[in-house]
Amino acid sequence: MTRQWGKGRIFERPSTRPGTGSRWYVAYYAPKDGRSEEVKEIAGDSREDAERLLAKRLREVANHRDGLRKFEGPKVERVTVDALLDDVEEDYNLRELRSLRTAKVHMVRLREVLGGRRAASVTPAVVTRYILTRRSAGAAPATIDRETELLRKAFNLGAKAGRVAFVPYIPHQSKPNENARQGFLERSDFDAILSGIADEDFRDLLEWFWWTGMRPGEIASLTWEAHDRETGTLRLSAAGAKIGQGRVVPLSGPLAEIIERRRKRRTLACRLVFHAGGSRMVRENGGLLDRLYDAWFRACEAAGLPGRTRQVGGVAQPVPKAERLIPYDLRRTAVRNLRAAGIPERVAMEITGHKTRSMFDRYGIVDERDMRHAFEAVGAYVAALPRTRKVAVLKAPKEAPKEAPKQR
C-alpha cells in the first residue's frame, strides 16, 4: 500500500475470482452531503491504471472545492445512454403520454449507435458525428431532430436525478416550421373528394375533421356517453385529448347534422361515435387505417387533385410526398376557415385543441389564394377612390413690374 497524506492512496488486493490475479484499488476523500468521506473504487489490473484514476479523481475533487464543477463520483461514470433512455420511457409511461410509441421508434437508432456508451463520454463531438452519420444515411433533418431531442431529454432527466454531471450541447438541424406543410382544401375540392368516397362512416369522420380541425385520434375517441342531448354538447375526455385537457364541442349547424347521421348508424356493441361496423378507424398512434388512406388518395386522383400518382402523358407518375393532399390538411384548413370567419383566436384554439399560440400560428399559414384575394380587394378599393383633387393649390400673385428709375 502506498499512502500520501492528502493525496489519496492506491493498494492491491487479491481477486475473488480464481485464476485472475489481483486487482488495484484507489481510495480518496470526496465531498458528500456537506461532509468529506472516503471513497474506494476498483482502478484496474495494474498500478499504472490506479495512478491514472487517482489523479483524475483528485482533479475532480479540486474542481468541486474551487466551485468549477460538482463532484459526481464513480457511479455517474457507469451510467450508459441506454439507461438514460430507459428513464425517458419511464417518464413517458408515468405521465401517460400518447407519444410514447413514436418516441420508442426514434430511440431505436439512438440505442444502436450510442446505447452502449457511457453517458460521461457523450461529448458535443460525439453528437456531431452521430448527426453527420444520420445525415449521410439519408435521414431528414426533422427526423434527426426528433432523435436528438430524445437524447437531450434523456440527459436533462439524468442531470435532475444526479445520474449525469453535464448535458452535452445538441444542435437543431431544421429551422422552425421549415417542414410545416402548406396544403389547404377549398370547399369545392373537399366536396369533390367526399363524392369519390363510398364509405359513409369515413365521409362523416372527414366532414367532422373539416369543420372542427380536431385530431383524428381525438375524433376516434368520442363516445356516446359523452353526448348530452339536453345541452346539445359532446365532451372530449382528457384521456382522449393529445394535450391532456378535455373540452366541450357544442353541436350546432353542420355538427348536429353529422351527429344525427352517426346516431342512425349507432350500434349497441360499440361506444364510439365514429366507427366502421363497430371497429376503430384510427390506429393507436392517431393515424388513419391504411385502407382509409387508400380511399382518400383514390378520391383525390379522381377529382384531379394531387394524390399518390398523377397522369403525365397517359403514364402514372408518383407525386412527391410534400405535394400530396393528405387528410391532416383538413386541420390546417379548419384553422384558416375559423380565422377567415372572424372567430376569436382563443375560441378557435379551444375548438381545434391547440394548447400554445405558436402551434396555432404554425397551422395558420397564409394561403397564396388568400393573399391574392387580399390584393384584389385592395385593388378594388383603390380603384374606387376619386382621382380628382379636392384641394386647390394657391399660387402666389405676380409682382408688378418695377418702373425704371428716372434719369435726371
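Look a little higher up for the structure.
Note that the structure is predicted; figures quoted are calculated from it, not measured. Every residue gets a number counted from 1 within its own chain, in the order that chain's sequence is written. The model is predicted, so local features are restricted to residues of pLDDT at least 70 and side-chain atom pairs to those at 80 or more, both for listing and for counting; the totals for chains, interfaces and linings are taken over all residues. Side-chain calculation: all heavy atoms of the structure are included, whereas hydrogens and water are not.

Undergrad: Could you clarify how one ought to interpret the nonpolar core in this entry?
TA: Side chains of a nonpolar character, in soluble globular proteins, are inclined to be buried together. Counting 38 residues, the largest nonpolar core has Trp 208, Phe 274 and Trp 296 as the members making the most contacts within it. The helix count covers DSSP runs of H or I at least four residues long, the strand count covers runs of E at least two residues long, and both are numbered beginning at the N terminus. Elements with a minimum of two residues in this core: helix H7 (187-195), helix H8 (200-212), helix H9 (216-220), strand E6 (233-236), helix H10 (254-264) and helix H11 (290-302). To qualify as a nonpolar core, a set must consist of buried Ala, Val, Leu, Ile, Met, Phe, Trp, Tyr and Cys residues joined through side-chain atoms within 4.5 Å. When accessible area is computed with a 1.4 Å probe and restricted to protein chains, residues below 20% of their type maximum are described as buried, those above 50% as exposed, and intermediate ones as partly exposed. By size, the runner-up hydrophobic cluster in this structure holds 26 residues, among which are Leu 85, Val 122, Val 127 and Ile 144.

Undergrad: Just checking my understanding: could you explain the pattern of salt bridges for this structure?
TA: For side chains bearing opposite charge, pairing can occur when the charged atoms are close. A side-chain nitrogen of Lys or Arg and a carboxyl oxygen of Asp or Glu constitute a salt bridge if their distance falls within 4 Å. Considering all chains together, one arrives at 28 salt bridges under this definition. Residues Arg 261 and Glu 207 are paired through a salt bridge, measuring 3.1 Å at the closest nitrogen-oxygen approach. Of this pair, Arg 261 sits in helix H10 while Glu 207 sits in helix H8, and the two are 54 residues apart along the sequence. One connected set of salt bridges, linked through shared partners, spans Glu 200, Asp 201, Asp 204, Glu 207, Arg 261, Arg 262 and Arg 265.

Undergrad: It is not clear to me how the sheet that holds strand E7 (residues 247-250) should be interpreted in this structure. Could you clarify?
TA: Working definition: the strands of a sheet are paired by backbone hydrogen bonds and lie parallel or antiparallel to each other. A sheet is described by the order of its strands in space; here 3 strands give the open sequence E5-E6-E7, paired in antiparallel fashion. Single-partner strands in this sheet number two, and they are strand E5 (227-228) and E7. Any two strands between which DSSP finds at least two bridges are classified as paired. Direction of pairing for E5 relative to E6: antiparallel, over a ladder of 2 bridges. The partner of Asp 228 across the bridge, within E6, is Thr 233.

Undergrad: Would you take a moment to explain a nonpolar patch on the surface for this structure?
TA: On the surface, a cluster of nonpolar side chains totalling about 190 Å² of accessible area is made up of Ile 343, Val 347 and Ile 351. Within the secondary structure, Ile 351 sits in helix H13 (residues 345-352). Only residues whose relative accessible area exceeds 30% and that take part in no salt bridge are eligible for patches, with like-charged residues grouped when within 9 Å of each other and nonpolar side chains (Val, Leu, Ile, Met, Phe, Trp, Tyr) grouped when within 5 Å. All accessible areas in this document rest on Shrake-Rupley with a 1.4 Å probe, and a residue is counted as covered only by the protein chains that are shown.

Undergrad: It is not clear to me how the packing of aromatic side chains should be interpreted in this structure. Could you clarify?
TA: The way to describe two aromatic rings as a pair is by their centre distance and the angle between their planes. Between the rings of Phe, Tyr and Trp (Trp by its six-membered ring), a pair exists once the centres lie within 6.5 Å; its type follows the angle of the planes, with under 30 degrees stacked, over 60 edge-to-face, and the other angles tilted. The full count for this structure, using the stated rule, is 4 aromatic pairs. Ring geometry for Phe 11 versus Tyr 25: centroids 5.6 Å apart, planes at 5 degrees, classification stacked. Remark: Tyr 25 occurs in strand E3 (residues 22-32) and Phe 11 occurs in strand E2 (residues 9-14); sequence separation between them is 14 residues.

Undergrad: Can you walk me through the packing of helix H5 (residues 124-136) against helix H6 (residues 141-160) in this structure?
TA: Relative orientation and spacing of two packed helices are given, respectively, by the angle between their axes and the distance between those axes. Packing of H5 against H6 leaves a shortest axis separation of 10 Å and a crossing angle of 155 degrees. With respect to each other, H5 and H6 are oriented roughly antiparallel. The hand of the H5/H6 crossing is right-handed. On the side of H5, the interface is formed by Val 127, Tyr 130, Ile 131, Arg 134 and Arg 135, while H6 contributes Thr 143, Ile 144, Glu 147, Thr 148 and Leu 151. Looking at the contact of H5 with H6 residue by residue, the classes come out as 5 nonpolar, 2 polar and 3 charged. Each axis is a line fitted through C-alpha atoms, and for a helix only the stretch in contact is used; angles between axes span 0 to 180 degrees, taken between their N-to-C directions. An angle counts as roughly parallel when it lies under 35 degrees, as roughly antiparallel when it exceeds 145, as roughly perpendicular when it falls between 65 and 115, and as oblique in every other case. In this scheme the handedness of a crossing depends on how the near helix is turned from the far one: anticlockwise by less than a right angle means left-handed, clockwise means right-handed. By the convention used here, residues are in contact when the closest approach between their heavy atoms is within 4.5 Å. Side-chain classes follow a simple rule in which Ala, Val, Leu, Ile, Met, Phe, Trp, Tyr, Cys and Pro form the nonpolar group, Asp, Glu, Lys and Arg form the charged group, and the remainder, Gly included, forms the polar group.

Undergrad: Looking at this model, I keep getting lost on the pairing of E7. Mind explaining?
TA: Burial of the side chains of E7 is restricted to one face: Arg 247 and Val 249 are buried, whereas none of Val 248 and Pro 250 on the reverse face is. Of the strand pairs in this sheet, E6 and E7 are connected by 4 bridges, and their pairing is antiparallel. When the sheet's bridge partners are listed, Leu 234 is paired in E7 with Val 249.

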